[in-house]
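One letter stands for each residue in the lines below.
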Amino acid sequence: MKTFAYTITDPLGIHARPAGQLVKKCSEFESAVTIEKDGKSADAKRIFGIMGLAVKQGNEITVKTDGSDESEAADAIASFLRENL
């Protein structure tokens, strides 16, 4: 399992468009991807789960990847977050 934290910098937080893009990115990998915020967790391959976390600018999320390609998934998702959120 790979885990990393990221603080959201986008003024709108994780809203619909980037949430959809994040789901698409996470779905490229076999590994399970989970996002946690304030004790709640969501499957990052499901848009309603991500939207349900209501992540705002300045919130810290924890991303966990677990599976055969967890390292590649963690690197790609971290890169996506830095570039888009």
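No experiment lies behind these values; they were computed from the predicted model shown.

Enquirer: Whenever I open this one, the pattern of salt bridges confuses me. Can you help?
Expert: Note on pairing: side chains with opposite charge can pair once their charged atoms come close. Enumeration over the complete set of coordinates arrives at four salt bridges. The salt bridge involving K37 is made with D38; its shortest N-O contact spans 3.5 Å. D38 gets classed as exposed once you look at its relative accessible area, which sits at 69%. R46 is the partner of D43 in a salt bridge, and the nearest nitrogen-oxygen pair spans 3.7 Å. Looking at D43, the relative accessible area reads 34%, which means it is partly exposed.

Enquirer: Even after reading the chapter, I still don't get the environment of T62, so can you show me in this structure?
Expert: Considering the arrangement of structural elements, one finds T62 in strand β4 (residues 60–66). Separated by 57 residues in sequence, T62 and A5 place their C-alpha atoms 4.3 Å apart. Those residues in contact with T62 that lie beyond four places of it in its chain are T3, F4, A5, T34, I35 and E36.

Rules and cut-offs
Residues numbered from 1 in each chain as written. Predicted model: local features only at pLDDT ≥ 70, side-chain atom pairs only at ≥ 80, totals over all residues. Heavy atoms only, no water. Salt bridge = Lys/Arg side-chain N within 4 Å of Asp/Glu carboxyl O. Buried < 20%, exposed > 50% of the residue type's maximum accessible area, 1.4 Å probe, protein only. Helix = DSSP H or I, 4+ residues; strand = E, 2+ residues; numbered from the N terminus. Contact = heavy atoms within 4.5 Å.

Functional significance is not addressed by these values, which are geometric in nature.
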